[in-house]
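# Reading the structure
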Amino acid sequence: MNDSERSSLLPKADAAVAAAGEAAEASHDLTRKLARFILSARFQDLPDTVRHEGARTLLNWVGCAIGGSRHETVTKAMAALLPFFGPPQATLFGRSERVDVLHAALLNGISSHVLDFDDTHIDTAIHPAAPVAPAILALAEHRPVSGPDFMAALIVGIETEFRIGMAVTPAHYKTGWHITGTAGVFGSAAAAGRLLGLSEQQMCWALGLAAAQPVGLQEMFGSMTKSFHPGRAAQNGLTAALLAHKGYTASEHGLEAKHGWLNVLSTACDYAAFTGAGWEILNNSYKPFACGLVVHPVIDGCIQLRDKNGLTPDMIDRIEVAVHPRVMDVTAIKNPKTGLEGKFSVYHAAAVAVAEGAAGEREFSDAAVRAAVIAELRRRVLATIDPALGKAQARVTVLLKKGDRLSVFVEHALGSVQNPMSDRNLEDKFRGLSEDILSVDRMDRLIDRCWGADKLVDAGEIARSAASA
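Since this is a predicted model, take the numbers as computed values, not measurements.

About the cut-offs
- Residues numbered from 1 in each chain as written.
- Predicted model: local features only at pLDDT ≥ 70, side-chain atom pairs only at ≥ 80, totals over all residues.
- Heavy atoms only, no water.
- Helix = DSSP H or I, 4+ residues; strand = E, 2+ residues; numbered from the N terminus.
- Contact = heavy atoms within 4.5 Å.
- Pairing = 2+ DSSP bridges.
- Axes fitted to C-alpha atoms, helices over the stretch in contact; angles between N-to-C directions.
- Phe/Tyr/Trp six-rings, centres within 6.5 Å; stacked < 30°, edge-to-face > 60°.
- Buried < 20%, exposed > 50% of the residue type's maximum accessible area, 1.4 Å probe, protein only.
- Lys NZ or Arg CZ within 6 Å of the ring centre and 35° of its normal.
- 1 Å grid on protein atoms, 1.4 Å probe; cavity = no way out; pocket = protein on both sides within 12 Å on 5 of 7 lines; lining within 4 Å.
- Points joined across faces, edges and corners; volume = space filled by probe spheres on them.
- Nonpolar A, V, L, I, M, F, W, Y, C, P; charged D, E, K, R; others polar.

Okay, the environment of L59 next. Turning to its location among the elements, L59 is positioned in helix α3 (residues 48-67). Sequence spacing of L59 and D423 is 364 residues, and the spatial spacing of their C-alpha atoms is 9.5 Å. In this structure, L59 is in contact with L426, E427, F430, I447, C450 and W451, ignoring residues within four places of it in sequence.

And the structure:
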């Protein structure tokens, strides 16, 4: 290489060195900086919009936890763990049993996610409440927690998940991790740590302990283990905070170190996400359909065409859906055998939406998946990838046997941040999930307590009100 060629490389080398320096500076003491944020946020300083979104998140989560409480997934988990339960410290939502705090965090986390009906952050695909709420509600039954302290912990815990999730999106998810579990443990540790009164040093240890407990593989989608991920994240994060509270040490650089969480679990990281302005909880969304968020635009489009044109399965030759590549990464099960598998089948989602005009829990039951009419229509669903579509968009076309071609483009599905469920919608969803488990009076009181959680003297009232008679 001559001097001219060598000199031409210097600017690139300098740029690389500068970029490396900037990355090193951005990542310096990242765990400690996050710990400071977690501990410094005060409820009275939160914007009203953030407080209200926290209440919406809580209401939605409680309804989902009650609605999933009788699912066979929870029943099997109860049967397996029953011999090992500790003292009756905390409520199991929608059930009469009380268990120790750590098992309550696990089981309530499972029940809140098993229907795949809980809140979702579209940019990261994190279901934020499922790892955080069960941990701190169990803790609130074990020791006094005021409403304002509880809500601040919930909101800050969720924000912690989002900041970590946004830093590794999309690389972390593309690797195959289920980010609700892997990032959720930090939200649980942060929220529980606040309520335990951890110091900055102890919070660093709690985050380090959380980093050492990643859980969640996309391979488990469609099985009972998917809901185990947020349940275990809730339990693990709470464990991390409890250990740190007693001086149990961990690396103070559990996130940013060479062999820390960010570098081991992701091939890329945007450190700026940790210091972003604003509150990401305002970009949380709530599901009107009981399945993976990525197929909601397909369902919305199918229901629109059905209702507008009076469609029935016997009229249809074929249903064509064009989707973002991510949809086929996680919902490509062509012939689901169970309701849980149906939640990860874009084919079932489209078929049942056209056939039933709905996509609630009943439409994703084992019986619905196995119904002859649905199964036959499912075989006539064609799903294709269109990279030009956004991950929250879809194009649905129905070809009728008589030759007509009906089409709709869904830019913002019902339930999205741009087309959100109203507070009344969330209350109706709550009632639909709880009506077979709680009395009307009990539902009314629990809804009021969720909306007014920040006014409660004892936040544990929320959990105790969610037990079945």
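Let's pick the thread back up.
This next bit is on the sheet that holds strand β7 (residues 394-400). Read from one edge of the open sheet, four strands run β6-β5-β7-β8, paired in mixed fashion. Among the strands making up the open sheet, the edge pair consists of β6 (381-385) and β8 (405-410). Strand-to-strand, the axes of this sheet are offset by a mean angle of 15°, without reference to chain direction. One ladder, built from five bridges, connects strand β5 (residues 316-323) with β6; its direction is parallel. Counted as the bridge partner of V321 is A383 from β6. Relative to β8, helix α13 (residues 296-309) is tilted by about 135°, and along the sheet it contacts β5, β7 and β8.

On inspection of all chains with the given rule, the structure shows four aromatic pairs. Residues F37 and W279 carry aromatic rings whose centres are separated by 5.9 Å and whose planes lie at 45° to one another, so their mutual orientation is tilted. Taken as a pair, F37 in helix α2 (residues 30-40) and W279 in the loop between α12 (261-265) and β4 (284-285) lie far apart in primary sequence, 242 residues in all. When its relative accessible area of 15% is taken as the criterion, F37 is described as buried. With a centroid separation of 5.3 Å and 90° between ring planes, the pair formed by F186 and W261 is classed as edge-to-face. Of the two residues, F186 sits in helix α9 (residues 179-196) while W261 sits in helix α12, which places them 75 residues apart along the sequence. Overall, W261 belongs to the buried group, its relative accessible area being 2%. The ring of F43 has R51 lying over it, and the distance from NZ or CZ to the ring centre is 4.4 Å.

Attention now goes to the layout of surface pockets. Regions of empty space are outlined by a rolling probe, equal in size to a water molecule, passed over the atoms. Taken as a whole, the largest pocket spans an internal volume of roughly 620 Å³. Surrounding the largest pocket, 27 residues form its lining, F117, E361, R362, G432 and L433 being those nearest its centre. Residue contributions to the lining of the largest pocket peak at five residues, all from helix α19 (residues 423-434). Among the residues forming the lining of the largest pocket, the class breakdown is 11 nonpolar, eight polar and eight charged.

Each neighbour pair has its own omega, and for T169 with P170 the value is 10°, a cis peptide bond. The topology assignment puts P170 in the loop between α7 (147-168) and α8 (171-175). Of note in the backbone geometry, D29 takes a positive phi value of approximately 55° without being a glycine. Given a relative accessible area of 24%, D29 falls into the partly exposed group. We note that A125 has phi near 70°; this positive angle belongs to a residue other than glycine.

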